[in-house]
Amino acid sequence: MQWTGLNEIREKFLSFFEEKGHLRLGSFSLIPNNDNSLLLINSGMAPMKKYFTGEITPPRNRVTTCQKCIRTPDIDRVGITARHGTFFEMLGNFSFGDYFKEEAIPWAWEFLTETMEIPKDLLWPSVYEEDDEAYAIWRDKIGVPEERIVRLGKEDNFWEHGTGPCGPSSEIYFDRGEKYGCGKPDCKPGCDCDRHMEIWNNVFSQFNNMGDGTYTELEHKNIDTGMGLERLACVIQGVDNMFEVDTIRNILDTVCAISGVKYGANEKNDISIRAITDHARASTFMISDGIIPSNEGRGYVLRRLIRRAARHGRLLGINRPFLSELCDVVIRENKAGYPELSEKQELIRKVISFEEAAFSKTIDQGLGILSELTKNGGVLSGEDAFKLYDTYGFPLDLTKDILAEKGMTLDEETFNACMSEQKKKARASRKAADAESWRSDGISFENIEATKFTGYGENESKAKILSIVSAGEFAPAASVGEKVILVLDQTPFYAESGGQVGDTGEITAPGGVFKVLDTTKTTGGVFMHLGEVLSGELVLGDEVTAKIDVHRREAIRRNHTAAHLLQAALRRVLGTHVEQAGQLVTAEHLRFDFTHFSALSKEEIAEVEALVNEEIMRFTEVTVNEMPIAQARALGAMALFGEKYGEVVRVVRAGDFSIELCGGTHASNTAKLGLFKIVSEGSVAAGVRRIEAVTGEGVLTLIAEKQRLIDEASAAFKVNNASELPAKAQQAAQELKEKDKQIETLSDKLAAMQSANLFGSAQEIGGVTVIAEKISGSADSLRTMCDQIREKNPKAAAILAAVAGGKITFAATVGKEAVALGLNAGKIVKAAAQAAGGAGGGRPDFAMAGGKAPEMAQAALDAAVAAIRESL
Ligand SMILES: [Zn+2]
Ligand SMILES: [Zn+2]
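Throughout what follows, the structure given in this document is the object of discussion. (Residues numbered from 1 in each chain as written. Chains lettered and ligands numbered in written order. Predicted model: local features only at pLDDT ≥ 70, side-chain atom pairs only at ≥ 80, totals over all residues. Heavy atoms only, no water.)

1. Describing a negative patch on the surface
Together, Asp740, Glu744, Asp748 and Asp780 line one region of the surface with negative charge. Considering each element in turn, the negative patch owes the most residues, three residues, to helix H20 (residues 725-758). If you trace the backbone, aspartate 780 turns up in helix H21 (residues 779-792). Taking relative accessible area as the criterion, aspartate 780 reaches 56% and is therefore assigned exposed. (Patch = residues over 30% accessible without salt bridge, like charges linked within 9 Å, V, L, I, M, F, W, Y side chains within 5 Å. Areas by Shrake-Rupley, 256 points an atom, 1.4 Å probe, with all protein chains shown as cover. Salt bridge = Lys/Arg side-chain N within 4 Å of Asp/Glu carboxyl O. Lys, Arg positive; Asp, Glu negative; His and termini not counted. Charge placed at Lys NZ, Arg CZ, Asp CG, Glu CD. Helix = DSSP H or I, 4+ residues; strand = E, 2+ residues; numbered from the N terminus. Buried < 20%, exposed > 50% of the residue type's maximum accessible area, 1.4 Å probe, protein only.)

2. As for the side chain of aspartate 503
By secondary structure assignment, the location of aspartate 503 is in the loop between strand S17 (490-491) and strand S18 (505-509). Within the structure, aspartate 503 has its side chain in polar contact with the side chain of arginine 553 (distance 2.7 Å). In this view, aspartate 503 contacts Pro492, Phe493, Tyr494, Val516, Asp518, Thr519, Ile548, Arg552, Arg553 and Ile556; residues no more than four positions away in its chain are not counted. (Polar contact = N/O pair within 3.5 Å; in protein donor to acceptor, adjacent residues only side chain to side chain. Contact = heavy atoms within 4.5 Å.)

3. Section: the coordination of the zinc ion (ligand 2)
Looking at the metal site, the zinc ion (ligand 2) is ligated by His560 (NE2), His564 (NE2) and Cys662 (SG), spaced 2.1 to 2.3 Å from it. Summarised as a motif, the one-chain spacing of the donors to the zinc ion (ligand 2) is H-x3-H-x97-C. Within this pair, whereas histidine 560 is found in helix H16 (residues 550-574), its partner cysteine 662 is found in the loop between strand S26 (658-661) and strand S27 (676-685), the two being separated by 102 residues in sequence. With relative accessibility at 2%, the residue histidine 560 sits in the buried group. The exposure class assigned to cysteine 662 is buried, which follows from its relative accessible area of 13%. (Donors = N, O, S within 2.8 Å, 3.2 Å for Na, K, Ca; no water.)

4. Notes on the pattern of salt bridges
Tallied over the full model, the rule gives 42 salt bridges. Glutamate 244 is the partner of arginine 249 in a salt bridge, and the nearest nitrogen-oxygen pair spans 3.1 Å. The partner of arginine 314 in a salt bridge is aspartate 364, and the shortest N-O contact between them spans 3.8 Å. Of this pair, arginine 314 sits in helix H9 (residues 297-315) while aspartate 364 sits in helix H12 (residues 345-373); the two residues are 50 residues apart in sequence, bridging distant segments of the chain. Each of the salt bridges in this network shares a partner with another, and the network as a whole consists of Glu11, Glu18 and Arg24.

5. What to know about unusual backbone geometry
In this structure, glutamate 117 takes a positive phi of about 60 degrees despite not being glycine. Relative to the elements of secondary structure, glutamate 117 occurs in the loop between helix H3 (101-115) and strand S4 (123-128). Here the phi dihedral of lysine 718 falls at roughly 60 degrees; this positive angle occurs in a residue that is not glycine. Checked against the element boundaries, lysine 718 lands in the loop between helix H19 (696-717) and H20.

6. Section: the sheet that holds S26
The strand order across the open sheet formed by three strands is S24-S25-S26, and the pairing between neighbours is antiparallel. The outermost strands of the open sheet, each flanked by one partner alone, are strand S24 (622-628) and S26. Taken pair by pair, the neighbouring strands of this sheet meet at an average axis angle of 25 degrees, ignoring direction. In this sheet, S26 lies alongside strand S25 (residues 648-654) in antiparallel orientation, the contact comprising four bridges. Counterpart to valine 651 in the pairing with S26 is leucine 661. Lying on the sheet, H16 is in contact with S24, S25 and S26; it crosses S26 at an angle near 115 degrees. (Pairing = 2+ DSSP bridges. Axes fitted to C-alpha atoms, helices over the stretch in contact; angles between N-to-C directions.)

7. Some points on the packing of H19 against H20
Their axes nearest at 11 Å, the elements H19 and H20 cross at an angle of 50 degrees. Classified by the angle between their axes, H19 and H20 sit oblique to one another. Taken as a pair, H19 and H20 cross one another with a handedness that is left-handed. Contacts between H19 and H20 involve Ile710, Ala713, Ser714 and Phe717 from the former and Leu725, Lys728, Ala729 and Ala732 from the latter. Residue composition of the contact of H19 with H20, grouped by class: six nonpolar, one polar and one charged. (Parallel < 35°, antiparallel > 145°, perpendicular 65-115°, else oblique. Left-handed = near helix turned anticlockwise from the far one by under 90°. Nonpolar A, V, L, I, M, F, W, Y, C, P; charged D, E, K, R; others polar.)

8. A closer look at the packing of aromatic side chains
Summed over all chains, the structure comprises 27 aromatic pairs. Between phenylalanine 16 and phenylalanine 17, the ring centres sit 5.0 Å apart and the planes meet at 80 degrees, which makes this aromatic pair edge-to-face. The exposure class of phenylalanine 16 is buried, given its relative accessible area of 6%. On the basis of relative accessibility, which here comes to 0%, the residue phenylalanine 17 falls in the buried class. An aromatic cluster is defined as three or more aromatic residues linked by ring pairs; in this entry it consists of Phe13, Phe16, Phe17, Tyr99, Trp107, Phe111 and Trp200. (Phe/Tyr/Trp six-rings, centres within 6.5 Å; stacked < 30°, edge-to-face > 60°.)

9. A closer look at the nonpolar core
Judged by nonpolar contacts, the single largest core of 107 residues is most densely connected at Leu112 and Leu232. Ala568, Leu570, Val612 and Phe676 belong to the second-largest nonpolar core, a separate cluster that totals 29 residues. (Core = buried A, V, L, I, M, F, W, Y, C linked by side-chain atoms within 4.5 Å.)

10. Side note on the sheet that holds S27
Pairing is antiparallel in the open sheet, where four strands are placed in the order S22-S23-S28-S27. Every interior strand has two partners, whereas the edge strands, strand S22 (580-585) and S27, have only one. Each strand axis lies, on average, 15 degrees off the axis of its neighbour in the sheet, ignoring direction. Here strand S23 (residues 590-595) runs beside strand S28 (residues 688-695); their pairing, made up of six bridges, is antiparallel.

11. Focus: the coordination of the zinc ion (ligand 1)
Put simply, a metal with four donors set out as a tetrahedron has ideal angles of 109.5 degrees, and one with six donors set out as an octahedron has ideal angles of 90 or 180 degrees. Distances from the zinc ion (ligand 1) to its protein donors, namely Cys182 (SG), Cys187 (SG), Cys191 (SG) and Cys193 (SG), fall within the range 2.2 to 2.4 Å. For the zinc ion (ligand 1), the four donor atoms in the first shell make angles of 101 to 122 degrees at the metal, a pattern classed as tetrahedral. Taken in sequence order, the residues that donate to the zinc ion (ligand 1) follow the motif C-x4-C-x3-C-x1-C. In this pair, cysteine 182 is assigned in the loop between strand S7 (164-175) and strand S8 (196-209) and cysteine 193 in the loop between S7 and S8, connecting sequence segments eleven residues apart. (Tetrahedral: all angles 85-135°; square planar, octahedral: opposite > 155°, others 65-115°.)

Encoded structure:
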C-alpha cells in the first residue's frame with residue numbers, strides 16, 4: 001500500500017470507473033435541486049434520487065461521482081471527538097438499470113486491492129444474511145475464504161426507507177489491527193469494537209417494498225455505492241482519523257499557526273482546533289454553492305458553523321478576524337477537485353469575514369448586557385438567558401462560562417422551556433408553509449409525460465386535455481364554476497420557474513371555456529394550469545385551444561430581459577462578485593437579489609440605471625440559442641448560483657452586454673423595454689441586496705403616480721407651479737418649527753400659572769406645604785410643574801396625577817428642605833402608583849410613575865398624602 005494524497009485518491013477512483021464505462025459527473029451542489037425533503041445534500045445518492053425513481057432520465061446508465069456532503073445532526077459534538085465532522089466527500093459508482101452484483105462486487109475488490117493496493121487479507125466483506133447470490137460471488141468469483149465473509153442482519157446490511165425500492169447491501173471492512181480491537185478471539189465485522197472499519201458500501205436495489213410485508217423484484221435493478229473519501233484516505237495514509245488526512249491536516253496546522261497553539265498538547269485546545277478546521281471546510285464549500293448566512297434553513301446552519309468557529313477562535317486566544325485566511329487554505333487544498341472554489345474565492349472571503357465581524361459585534365453587545373444582568377449575583381433567569389441567546393445570538397455555553405466565573409448559576413429549566421416553546425412555533429410555521437403546496441398535494445402525475453412547452457415561439461397552441469384534477473383527485477370532466485387543474489400534452493403557458501411567474505390566459509374546449517389563473521409545474525416537468533371553468537364543460541381528451549394573456553406576457557418578457565441587463569450592469573459598476581441570489585419577474589415589476597456588501601450610493605444607482613437604459617436605446621437584438629454547456633461557458637455565460645444544468649443549455653444573449661443561461665421568456669430586442677427605472681434598493685440579508693425596478697408601462701405608471709403626488713402636494717400648499725413646491729415646503733417646515741417654540745414657551749407659562757394656583761389648595765402637614773391634585777396636562781407638563789413647585793417653595797411636597805388615554809401618570813416632588821425632613825419623592829409616587837395598579841420610583845426630589853386604573857386617581861392621591869404624613 002502506497003501513501004497517496006486525498007486529491008489523488010479521488011482522481012484514481014473516478015478514472016477507474018470511467019474506464020469501466022461510467023460517465024464522470026461533477027459534484028452536485030450542496031443545495032438540493034427541487035427536493036424539499038432535504039436541507040443539504042448528505043450522500044452521494046441524494047442528488048440522484050430522481051434517476052433512481054425514473055422520474056428523470058440519467059445522462060448515462062452508468063455514472064460515477066465524488067459528491068460533497070454535509071451532515072448536521074450534531075454540530076455541537078464536532079471537535080469534541082476526532083470522529084465527528086460536518087463536511088465530507090462521498091465516492092460513488094451508480095448503475096441505473098444496467099450492471100448489477102456480478103460486476104459491482106469484483107470492481108470494488110479490484111479498485112481496493114489493485115489500484116489502491118490494500119492487502120487482501122485486511123479486507124472483510126459482509127453480506128445480508130439471506131443474500132446467497134452476493135455471498136457466492138465473494139466466495140467463488142473473488143476467492144475470499146468463507147471464514148472472512150460475514151453474514152449480517154437487516155440492521156446492518158439491508159437498506160430501505162418505508163415503501164418503495166430497497167435491497168440488500170454488501171460492505172467491505174478494513175482491519176485496522178489489534179490495537180483497535182477488543183481482543184476477543186471471534187472479533188470480526190459486526191463486533192462492537194473499533195477494529196473493523198466499514199469503508200465501502202454497495203447497495204443492491206432489487207426489491208420493491210409493497211408496504212404489506214411483501215417484496216416484489218424490481219424490473220430495473222440499480223447499484224448505489226457509497227464510500228467516504230476521508231475514511232479511505234485514513235486507511236491509505238495509515239492515520240487514525242480524518243483530521244490527520246493530508247489536506248485536512250494542512251488546514252488544522254494553519255489554525256495552530258494562527259493561534260500559536262500546539263495540537264495534541266491540551267485536550268481543551270484540541271477540541272477548538274478540530275471544530276475550527278471542520279467548520280472552515282464546511283463553510284467554504286457552502287458559500288461556494290451560494291448559501292449566505294441567515295436565520296433560517298441552510299443559511300442558519302452556515303451561520304452556526306461560522307459563529308462556532310469564531311467562538312472557538314476566541315477560546316484559542318485569537319483576537320483578530322482569521323477565518324478568511326483559513327478559507328484560502330481550504331480552497332488551495334481542494335480546488336483540484338472543485339474548480340468552483342477558486343472562481344468564488346473573493347465572494348467566500350467576503351461572506352465569511354462579514355459574518356465573523358457581525359458575530360464579534362454580537363459577542364461584545366452580549367457581554368455588555370450580561371454584565372448588567374449579573375450585577376447582583378445569584379441566579380440568572382431562564383428568560384433572560386434565552387433572550388440573550390435568541391434575540392442577540394449570544395451562545396449559551398458562553399453565558400454559562402461567564403456565570404461560572406462569577407459564581408452564579410442559570411435557571412436552565414426555564415431556559416429549556418423557552419427553547420421548546422420556540423421550536424414548537426418554528427414547527428407550526430413550517431407546517432403553514434407546507435400547506436401552500438396544496439395545489440399538487442397528493443397528486444402524482446407519474447404516468448404522464450413531461451409537457452411540451454410551445455410558449456417560446458407561440459402565444460396560442462392547439463392541445464389535448466390529458467388530465468383534470470378536481471379537489472385533489474383525478475376527474476373525467478369539469479363544469480362551470482369548478483376550480484381545477486388541467487394538464488395538456490403541450491402548452492404555450494409558461495410555468496412558474498427561475499423567478500418568472502406563471503402565465504394566465506384561457507383554454508377553450510368545444511364545450512366550454514377555462515380561465516387560467518396561474519401555471520406551475522411538477523419536478524417531472526408536467527405543467528399544471530390552475531383555474532376555473534368560466535362556462536360549459538371541459539372533458540378529458542378534449543381538443544382545445546390554449547391562449548395566454550399576451551399583454552401580460554409582453555410585460556413579463558420586458559422585465560425578465562431587464563433583469564438580465566440589470567445583472568450585467570451591476571457587475572460592471574460594482575464588480576464581478578455580484579451574483580444573482582434570487583429574483584422575481586412579474587408583469588408589474590422585477591425584483592433582483594444579488595450578493596454585495598454595502599448599500600449602493602445614489603451615484604452607483606444612477607450609473608446602473610443609465611447603463612441599462614443605454615443598452616435599451618442601443619436597439620440590441622436579444623438572441624436565444626441552445627448549445628452544449630461547455631460552449632456556453634466558453635462564451636462566458638452567467639450561470640445561476642448553485643444551479644445544476646443539463647448537457648444542453650439555453651443561452652440568452654443581448655449583444656456582448658449580457659450572456660446568461662436562462663429558461664425564461666424574453667423580449668426580442670432591448671428597445672422593446674422602452675425605459676428602465678429603479679424604484680428601490682435595500683438589504684435582504686447580510687451581504688445580499690435587493691433592487692426593485694420597472695420597465696415599459698411600469699415606468700409610465702410610476703411617472704403618473706409621482707405626478708399625482710406632486711399635484712396633490714401643490715394643491716395642499718396652494719401653489720400653481722410645481723417648481724415652487726420645494727421652497728414652499730421649506731418655508732412651511734420653518735414656520736412649524738417657530739410655532740413649536742412659541743407653544744413651548746406658552747405651555748411653560750401656563751404650567752407656572754397652574755402651579756401657582758396649586759399652592760392655593762395646599763395643606764400644611766408637620767411643617768411641610770403639601771399639594772395633592774389631579775391636573776390636566778401631559779407627562780412633560782407634570783415635570784415642568786414639579787420643577788416650579790420645588791423652586792418656588794423648598795418646604796413643599798407635591799403629588800400630581802394626570803389622566804390621559806385610559807392611563808394615569810403620577811409625578812411627585814419634594815423641595816430641598818422637605819427632603820431634609822425625611823420626605824422622599826420616590827416613596828410618595830410609589831404609594832400613589834400602587835393604589836392605581838402600577839409601579840414606579842425615582843430620585844428623592846423628583847419621581848414619576850404610571851398606573852392602569854384612572855378611576856383610582858383620588859384614592860391614589862390620598863394614599864400618597866398618607867405616606868407623606870407617615871414619613872414626617
Ligand atoms: Zn471486537
Ligand atoms: Zn433569466
